[in-house]
Structures are given as structure tokens and as C-alpha cells.
Amino acid sequence: MIEGLKEEGLDPDPSKHTFKYLESGTSATNKQFAEFEQQNVKQALGVNLTVEYVDWPIFQDRTKQLDFQIASQAWGGDYNDPMTFFDMWMSTAGIVPTGWTSEKYDELIKKTTETMDSEERAKLFAEAEKLLLVDDAVITQGVWRFKNTYIRKFVKGYVSPTFGTPDLKNVYTSGRE
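The structure contained in this document is the topic of the report that follows. Note that this is a predicted model, so its numbers are computed, not measured. (Residues numbered from 1 in each chain as written. Predicted model: local features only at pLDDT ≥ 70, side-chain atom pairs only at ≥ 80, totals over all residues. Heavy atoms only, no water.)

Moving on to the side chain of Arg121. Within the fold, Arg121 resides in helix H6 (residues 118-135). Residues contacting Arg121, with those up to four places away along its chain left out, are Asp81, Met83, Thr112 and Thr115. (Helix = DSSP H or I, 4+ residues; strand = E, 2+ residues; numbered from the N terminus. Contact = heavy atoms within 4.5 Å.)

Right, here's the structure in full:
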């Protein structure tokens, strides 16, 4: 944080800065997430955040125009492969507007599509992740959501995947009273 402030020609003392945080909703849940983020950023980096809550259409318009300092948005993977989280940051994707482009990142992600070697893909994804999260610090994970799935004891064969939707073709009941 201090290094980044210096690069921008700003006072290197994080406590002297307040950044605007654009939250992608106005619900109680959005308020919870934004307050959690405020606390985390204050504790980890020493900076203050002021939150602006806007409804989704306004959020989309503002982020497309790059009218934000920090913006909060969630993404859930929809298939079981790292690409579900990586291709959206490619320069040509147009999914999450950040203003960031990287030929190196684009090339790394492209290479993952050209190999079936899982170890090679893992290395390429790790390098791309480092570029995205550390070297260029384009995004940061604020919250890792989880879900609890409660199934009755007589339901068998149900699997709740981490990515995508449940496949119910192997589900059956046994011992139902």
C-alpha cells in the first residue's frame, strides 16, 4: 500500500487517505459486505473507505465508465475449471470493466487453452494469478462465500458441486418412512 501511494505521488501514510468504495447493491447483505470490507481494509492497510451504495444498473453503468476508485462485485464459478475465474480478466473479455489490460496475462490465459497437460496449465494459471493479484494488483478477494446444503438422511447420491449446478441424475431415496 505504501509503495503504491508513493508511486501515485501521494502521502505514504495510509491513515491519511480515504477511498470511495462503490457497492453493487443496496440490500442489507450489501451493507454487511461493505462494512466487512471497510473493517478489513482499515485493519490490513490502514486506510479508510467511504461506501456509496447503488442499485445494480447504476453500478454497471458506473463501472463501464470507470467511474469508481474501488468497486465491489461478486462472481461464482459456473464450471469446474480455473478458467471460469481467469478468462474474464482478459483484455478482450469486457465482463468486468477495470481499465486494466495486459498482453502478458492474455498470452498466459491463451496458452492454458492450448495444452491438455494439467501441470502445465496449473503453472500458467499460477503465473497469471500472481500477475492479477500481486504484481499488478488489479483485483483482491474480499470475501469467500460458502454454502451449507442440508439433505435429509434418506436422500442418496446427491453431490453439491463447488462450481455449477447440482446434477440430480444419480439422486435417489432409500429408507424413507
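The strands that make up a sheet are held in pairs by hydrogen bonds between backbone atoms, and each pair lies either parallel or antiparallel. Strand order in the open sheet formed by three strands is S2-S1-S3, with parallel pairing between adjacent strands. Each edge of the open sheet is held by one strand with a lone partner, namely strand S2 (48-53) and strand S3 (70-72). Strand-to-strand twist in this sheet, taken as the mean axis angle between neighbours without regard to direction, amounts to 30°. This element, helix H2 (residues 28-45), spans strand S1 (18-23) and S2 of the sheet and lies at about 165° to S2. (Pairing = 2+ DSSP bridges. Axes fitted to C-alpha atoms, helices over the stretch in contact; angles between N-to-C directions.)

On to the packing of aromatic side chains, then. A full pass over the atoms with the stated rule returns three aromatic pairs. On the basis of an interplanar angle of 20° and a centroid distance of 5.4 Å, the ring pair of Trp56 and Phe59 is categorised as stacked. One end of the pair, Trp56, and the other, Phe59, are both in helix H3 (residues 56-64), three residues apart, so they sit about a helical turn from each other. In this structure Trp56 comes out as partly exposed when scored by relative accessible area, which is 38%. Looking at Phe59, the relative accessible area reads 0%, which means it is buried. (Phe/Tyr/Trp six-rings, centres within 6.5 Å; stacked < 30°, edge-to-face > 60°. Buried < 20%, exposed > 50% of the residue type's maximum accessible area, 1.4 Å probe, protein only.)

When helix H5 (residues 103-112) is considered as a whole, its buried residues turn out to be Tyr105, Asp106, Leu108, Ile109 and Thr112. What you see down the axis of H5 is that its buried residues fit within an arc of 160°, all on one side. Structurally, H5 contributes buried residues whose contacts are with helix H4 (83-86) and H6. (Arc of directions from axis to C-beta.)

Our next topic: the pairing of S2. Looking at chain direction, S1 and S2 are connected through six bridges and run parallel. Paired with Tyr21 across the bridge in S2 is Val51. In this region the chain leaves S1, passes through H2 and returns to the parallel neighbour S2; the handedness of that crossover is right-handed. (Right-handed = clockwise from strand over helix to strand, strands pointing away.)

Right, let's get into H3. Residues of H3 that are buried: Phe59, Arg62 and Thr63. Buried positions in H3, seen along its axis, are confined to an arc of 95° and lie on one side of it. Across H3 from its buried face, at more than 90 degrees, point the exposed residues Pro57 and Lys64. At its buried positions, H3 is contacted by S1, S2 and S3. Leu66 lies just past H3 and shows a positive phi near 60°.

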